[in-house]
Amino acid sequence: MTELECLPYAVGHGGEGMCLVVRLGTHRVMLDCGLRSLSPLLGEAWDHPNPIRPRSGMVGWGRMPADWVVCSHAHRDHARGLLKLHEQFPHLPIFASGETAQLLPTNWLDRPLESIPLFCQALPWRSPVALADDLTVELLPAGHLPGAALTLLRYQSRAESRSNRSREYCVAYSGDFFLSNGRLVEGMPLTEVRGLAPDVLIVEGSYGVARRSRRRRQENDLADQVSQALAQGRSVLLPVPLLGLGQELLMLLRSHHYFTGREFTIWVDRQVAAGCDAYLAILDRLPESVQNFARHQNLFWDDRVRPLVRRLSSDQNGPDLALEGPCLLLVDDDLPVAQLCDRFCQTGRWLVSVQAAAGGRLEAEPLRSPHEGDRILYSTYELSEHSDGLGTLQLIHNMRPQHVVFVHGGIDHLSGLAALDELNSRYQIHCPSAGVALELPIGESFAQPAAPIERYEGEISTGEGAATVHLPDAIVHSPRWKAFAETGLVEVRWQGSDLVLRGMSPREVLDRNTAWPDTPDLICCQTCQFYRGQHCRNPASPLADRRVAPDGCCPVYASNSDRQPT
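On a predicted model such as this, the values are computed, not experimentally measured, just so you know.

(A) Geometry of the environment of Cys120. If you trace the backbone, Cys120 turns up in strand S6 (residues 120-123). For Cys120, a relative accessible area of 16% puts it in the buried group. Residues Cys120 and Gln102, 18 residues apart in the sequence, show an inter-C-alpha distance of 8.8 Å. When residues no more than four places from it in sequence are discounted, the contact partners of Cys120 are Ile94, Phe95, Ala96, Ala101 and Leu104.

Right, here's the structure in full:
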């Protein structure tokens with residue numbers, strides 16, 4: 001039996017939430033409990049289509065599903081099952097950061113606050129806490145949400161014989177993480193995890209290999225979208241999660257120069273308002289810049305500085321809602337978009353905009369009545385809450401684990417990450433499914449077998465003034481094909497006697513200021529053999545390593561008749 005094993009009850013595919021049990025020796029630590037129902041953890045667990053069955057040597061099965069629980073942060077998909085878990089197993093210790101412990105009650109707004117027990121114990125930051133003689137837990141900031149933590153579990157195995165020496169094992173769980181700063185939370189500091197070299201890194205892959213633009217640009221694009229809608233006399237409905245994005249948007253809309261002093265009102269529904277109040281309760285733990293802002297005016301609620309921010313009263317949450325003039329409405333996104341429109345958009349002209357990460361909801365739900373016309377428009381916006389593909393790779397390469405376990409994301413996104421050669425050549429990669437136990441054998445030294453090379457055979461044909469390369473259909477099923485063929489344009493160049501095809505990105509296509517020359521005899525940077533990536537790569541040129549215009553030229557021009565677009 002291996003010392004480390006992961007028992008996934010939910011791995012964050014779709015809306016199933018997160019719930020993992022990690023076994024370290026005979027200890028079991030549950031990481032998050034975002035289950036809607038506890039049946040997988042109780043006696044009904046063995047009716048699961050892919051049951052996790054207890055091993056005969058495992059201690060504690062049949063009593064509690066774990067020995068300890070650590071919650072990474074307070075979002076629904078990571079925490080909504082904790083209260084039921086505590087009620088079912090009142091003696092099961094549950095830990096989280098101090099901020100998360102205070103934000104957790106927002107997951108159960110259907111119950112009176114006084115009826116929710118204080119079951120979560122706060123752990124300090126950056127300080128190992130002993131759970132047992134041979135097991136410690138440590139929390140490090142993960143960005144994403146106030147209190148969100150990367151969890152480090154360290155287990156010291158016992159030497160059973162001279163040949164079986166004692167060894168320390170380390171498991172790291174990223175939870176949801178974000179390297180960039182938000183308006184109300186600082187990003188994960190990579191310097192604190194660099195070189196940790198855990199045996200296992202369980203990491204989220206919400207955005208797969210996709211690249212996201214900078215947060216400031218995303219904020220400006222959203223502000224522009226909202227500003228244009230208000231100028232057209234439309235009110236704007238923004239469905240947002242109860243915690244995190246709603247509060248970030250309020251800070252953006254209150255402080256962005258598009259809206260400062262502008263005559264409109266921001267309305268906030270009861271659930272999102274409860275999240276705002278929870279943030280105010282942990283104000284002393286928010287970044288210093290946020291605390292400085294709050295010394296001069298209320299963080300969220302303000303009846304003096306425009307735009308005004310107000311709560312929707314209980315009698316304003318029904319279909320008879322009547323709000324004066326173009327306004328902005330933040331509502332909890334727990335309901336389908338169509339139901340939100342029925343509740344809030346009965347009169348007037350509206351723009352309904354959802355986060356791009358949830359943009360599939362607009363395609364999956366019947367939204368528009370045939371008699372509605374353009375009274376209600378639908379759109380999406382991008383405001384990242386998770387690290388993109390590049391950020392995920394940065395975290396992995398800085399931590400240098402043996403095993404990488406991808407969770408929390410669409411299956412396609414996680415498969416795209418797992419297929420990257422730069423990961424397969426260095427680490428053991430896993431994409432677990434709910435209900436299937438995953439053993440994690442650890443060696444003294446890690447030797448990763450060479451990753452399989454994808455090879456395809458094609459045909460070349462010439463005629464009618466063109467050369468055509470025919471490739472098999474199987475290449476389209478590669479997770480890398482989508483990025484390669486995104487624009488439908490490729491750049492072809494000779495590399496020795498090999499012909500290299502490279503897919504052109506949308507940015508490259510948009511950045512081209514001039515068309516390809518009609519004749520290769522035209523003397524300009526575009527036809528120079530040293531012009532690559534819009535830069536001059538000729539060391540003899542006075543423009544060497546500088547960005548140059550395609551129609552420019554210099555005294556050391558060298559023709560490149562072999563480089564042709566297709």
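And the narrative resumes.
(B) Examining the pairing of strand S5 (residues 94-97) more closely. With two bridges connecting them, strand S4 (residues 68-70) and S5 associate as parallel partners. In the strand pairing of S5, Val69 is matched with Ile94. Two strands pair when backbone bridges link them, and S5 and S6 are joined in this way by four bridges, in the parallel orientation. Residue Ser97 lies in a different strand from S6, and its bridge partner there is Leu123.

(C) Structural detail: the nonpolar core. By size, the foremost hydrophobic cluster in this structure holds 93 residues, and its most contacted members are Leu82, Leu85, Leu249 and Phe406. Residues within four places of Phe406 in sequence aside, it is in contact with Val203, Thr392, Ile396, Leu414, Leu417, Ala418, Leu423, Ile429, His430, Cys431 and Pro432. Of all hydrophobic cores here, the second largest spans 29 residues; its members include Val137, Ala149, Tyr155 and Leu438.

(D) Spatial organisation of the confidence of the model for the protein chain. Overall, the prediction assigns the protein chain a mean pLDDT of 84, with 86% of residues at 70 or greater. Of the regions scoring below 50 in pLDDT, residues 44-62 engages in 34 contacts with residues more than four places distant in sequence or in other chains.

(E) Broad picture of the sheet that holds strand S16 (residues 350-355). Ordered in space as S14-S13-S15-S12-S16-S17, the six strands form an open sheet in which the pairing is parallel. Since the sheet does not close on itself, it has two edges, and those belong to strand S14 (308-311) and strand S17 (376-381), each with one partner. In this sheet, neighbouring strand axes are inclined to one another by 20° on average, regardless of whether the strands run parallel or antiparallel. As paired strands, S16 and S17 are joined by six bridges and run parallel to one another. Looking at the pairing, Ser353 lines up with Ser379 of S17. Against the sheet, helix H4 (residues 215-231) contacts strand S12 (235-240), strand S15 (328-332), S16 and S17, and its axis sits at roughly 165° relative to S17.

(F) Broad picture of the sheet that holds strand S20 (residues 438-439). Spatial ordering of the open sheet is given by S6-S5-S4-S3-S2-S1-S20, a layout of seven strands whose pairing is mixed. The open sheet has two free edges, formed respectively by S6 and S20, since each of these has just one partner strand. Bridge count for strand S1 (residues 4-11) against strand S2 (residues 18-24) is seven bridges, and the pairing is antiparallel. Within the sheet, the bridge partner assigned to Glu5 lies in S2 and is Arg23.

(G) How the structure looks around the packing of aromatic side chains. Going through the model one piece at a time under the given rule, you end up with six aromatic pairs. Ring centres of Phe259 and Phe264 lie 5.8 Å apart, and the angle between their planes is 75°; on these two criteria the pair is classed as edge-to-face. Residue classification places Phe259 among the buried residues on the basis of a relative accessible area of 0%. Of the aromatic side chains, those joined through ring pairs into one cluster are Tyr258, Phe259 and Phe264. Taking NZ or CZ as reference, Arg167 lies 4.7 Å from the ring centre of Tyr169, over its face. If you follow Arg212 out to its NZ or CZ, it ends over the ring of Tyr207, 4.2 Å from the centre.

(H) Spatial organisation of the pattern of salt bridges. Per the stated rule, a full pass over the model turns up 21 salt bridges. In this structure, Asp67 and Arg28 form a salt bridge, with 3.1 Å as the shortest nitrogen-oxygen distance. One end of the pair, Asp67, is in the loop between strand S3 (27-31) and S4; the other, Arg28, is in strand S3, with 39 residues separating them in the sequence. Between Glu138 and Arg154 there is a salt bridge, and its shortest N-O distance comes to 3.0 Å. Here Arg154 lies in strand S9 (residues 149-156) and Glu138 lies in strand S8 (residues 135-141), a separation of 16 residues in the sequence. Judged by relative accessible area, which is 11%, Glu138 ranks as buried.

(I) Structural view of unusual backbone geometry. The peptide bond linking Arg306 to Pro307 adopts the cis configuration, its omega dihedral lying at 5°. Here the phi dihedral of Asp32 falls at roughly 70°; this positive angle occurs in a residue that is not glycine. With respect to the helices, strands and loops of the structure, Asp32 is situated in the loop between S3 and S4. For Asp32, a relative accessible area of 0% translates into the label buried. Phi at Arg400 is positive, roughly 55°, even though this residue is not glycine.

(J) Looking closely at the packing of helix H5 (residues 245-255) against helix H6 (residues 270-281). Put simply, H5 and H6 touch, their axes get as near as 9 Å, and they point 80° apart. Taken together, the axis directions place H5 and H6 in an arrangement best described as roughly perpendicular. In this structure, H5 contributes Gly246, Gln247 and Leu250 to the contact, and H6 contributes Val272, Gly275, Cys276 and Tyr279.

(K) The arrangement of helix H10 (residues 389-399) in detail. Across the 11 residues of H10, eight count as buried, placing the element largely inside the fold. Within H10 the residues assigned to the buried category are Gly389, Gly391, Thr392, Leu393, Leu395, Ile396, Asn398 and Met399. Among the structural elements, S9, strand S10 (168-173), strand S11 (200-204), strand S18 (403-407), helix H11 (411-418) and helix H12 (421-424) are those in contact with the buried residues of H10. Looking one or two residues beyond H10, the residue adopting positive phi is Arg400, at roughly 55°.

(L) Local environment of the pairing of strand S24 (residues 498-503). With six bridges connecting them, strand S23 (residues 490-495) and S24 associate as antiparallel partners. Along S24, the bridge assignment pairs Gln495 with Asp498.

(M) Just the state of the cysteines, in detail. Within this structure, the stated rule accounts for zero disulfides. With no disulfide of its own, Cys33 lies closest to Cys19 among cysteine sulfurs, the gap being 4.5 Å. Unpaired in this structure, Cys525 has its nearest cysteine sulfur neighbour in Cys554, at a distance of 6.2 Å.

(N) Quick look at the environment of Ser384. Its location among the elements puts Ser384 in the loop between S17 and H10. Looking at Ser384, the relative accessible area reads 4%, which means it is buried. Setting aside residues up to four positions removed in sequence, Ser384 forms contacts with Phe178, Tyr207, Arg212, Arg215 and Gln218.

Reading guide: rules and limits
Residues numbered from 1 in each chain as written. Predicted model: local features only at pLDDT ≥ 70, side-chain atom pairs only at ≥ 80, totals over all residues. Heavy atoms only, no water. Helix = DSSP H or I, 4+ residues; strand = E, 2+ residues; numbered from the N terminus. Buried < 20%, exposed > 50% of the residue type's maximum accessible area, 1.4 Å probe, protein only. Contact = heavy atoms within 4.5 Å. Pairing = 2+ DSSP bridges. Core = buried A, V, L, I, M, F, W, Y, C linked by side-chain atoms within 4.5 Å. pLDDT = per-residue confidence, 0-100. Axes fitted to C-alpha atoms, helices over the stretch in contact; angles between N-to-C directions. Phe/Tyr/Trp six-rings, centres within 6.5 Å; stacked < 30°, edge-to-face > 60°. Lys NZ or Arg CZ within 6 Å of the ring centre and 35° of its normal. Salt bridge = Lys/Arg side-chain N within 4 Å of Asp/Glu carboxyl O. Parallel < 35°, antiparallel > 145°, perpendicular 65-115°, else oblique. Disulfide = S-S within 2.5 Å.

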